[in-house]
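Read off the chains here:
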Amino acid sequence: MKYLSGRGFTDVDVLRKFGVGFADGTLHEKFLPSWNAKAGRDARRVLTEFGLFRKSGHEFFHGYIVFPIFDIEKKITNLYGRYCGNIELAKRHRYLPGPHSGIFNREAFRETSLILCESIIDALTFYANGIANVTCSYGVEGFTEELFSAIKENGTKKVYIAYDNDPAGNGAALKLSEKLDTIGVECFRI
């Protein structure tokens with residue numbers, strides 16, 4: 001909560017709305033049957049197959065604030081983790097292994113304009129400050145076909161690209177604006 005508060009997230013209702021949680025490393029102790037029981041071994045095998053547990057038995061998101069990402073049927077299809085301690089930049093962001101799927105804050109498509117950020121934590125910053133028509137890609141290289149389709153199918157007219165103001169963000173914003181231009185979506189860089 002201290003980390004989230006420092007990022008401007010003080011409204012617990014917003015965190016609950018998006019199912020934000022924290023992986024404290026106690027999933028196997030508090031919520032699963034014993035390692036010695038068949039049910040416990042089976043549960044851990046399944047969680048390992050889905051990427052939630054490492055083969056070592058440790059939680060994949062241990063020490064991360066975790067955000068669920070949903071498909072159109074409101075089923076969780078992915079998880080995003082943001083490490084809230086000191087760690088190298090490359091490991092600060094974490095998704096489940098495999099292809100990216102799902103869209104954060106599908107309600108954003110109720111509007112004809114959309115703000116598109118690099119990450120969930122960026123999008124949640126807009127949302128927590130009263131701007132609800134915001135979603136995100138999976139980083140600068142993670143604009144998925146699912147997100148592209150949602151923009152087309154929901155009649156989005158304008159996209160405000162709020163990627164980081166660095167070489168990677170600026171390059172990705174240009175590339176994205178060119179792609180969205182092919183379907184008649186007007187883009188702005190913010």
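This is a predicted model, so every value here is computed, not measured. (Residues numbered from 1 in each chain as written. Predicted model: local features only at pLDDT ≥ 70, side-chain atom pairs only at ≥ 80, totals over all residues. Heavy atoms only, no water.)

## Structural notes on the sheet that holds strand 2 (residues 64-70)
In a beta sheet, neighbouring strands are held together by backbone hydrogen bonds and run either parallel or antiparallel to one another. Pairing is antiparallel in the open sheet, where four strands are placed in the order 1-2-3-4. Only two strands of the sheet have a single neighbouring strand rather than two, namely strand 1 (21-22) and strand 4 (93-95). The strands that helix 6 (residues 120-128) touches are strand 2 and strand 3 (76-83); relative to strand 2, the one it contacts most, it runs at about 80°. (Pairing = 2+ DSSP bridges. Helix = DSSP H or I, 4+ residues; strand = E, 2+ residues; numbered from the N terminus. Contact = heavy atoms within 4.5 Å. Axes fitted to C-alpha atoms, helices over the stretch in contact; angles between N-to-C directions.)

## With respect to the state of the cysteines
Tallying each qualifying case throughout the model produces zero disulfides. No disulfide involves Cys84; its sulfur sits 18 Å from that of Cys136, the nearest cysteine. Between Cys187, a cysteine without a disulfide, and Cys117, which holds the nearest cysteine sulfur, the sulfur-to-sulfur distance is 14 Å. Take Cys187: its relative accessible area is 22%, and that puts it in the partly exposed class. (Disulfide = S-S within 2.5 Å. Buried < 20%, exposed > 50% of the residue type's maximum accessible area, 1.4 Å probe, protein only.)

## Some remarks on the sheet that holds strand 6 (residues 134-136)
Spatially, 6-5-7-8 is the arrangement adopted by the four strands of the open sheet, whose pairing is parallel. Of all strands in the sheet, those bounded by a partner on one side alone are strand 6 and strand 8 (186-189). Averaged over all neighbouring strand pairs, the angle between strand axes comes to 30°, with direction disregarded. Bridge count for strand 5 (residues 113-117) against strand 7 (residues 158-162) is five bridges, and the pairing is parallel. Directly across from Leu114, in strand 7, lies its bridge partner Val159. Packed on one face of the sheet, helix 6 meets strand 5, strand 6 and strand 7 and runs near 175° to strand 6. Those strands touched by helix 8 (residues 167-181) are strand 5, strand 7 and strand 8, and its axis lies near 170° from that of strand 8.

## Topic: the pairing of strand 3
Two elements, strand 2 and strand 3, share seven bridges in a ladder whose sense is antiparallel. Its bridge partner being in strand 3, Ile69 is matched across the sheet by Asn78. What sits between strand 2 and strand 3 in their antiparallel hairpin is a turn of five residues, with Lys74 showing a positive phi close to 65°. The pairing of strand 3 with strand 4 spans three bridges and is classified as antiparallel. Among the inter-strand pairings, Arg82 is bridged to a residue of strand 4, identified as His93.

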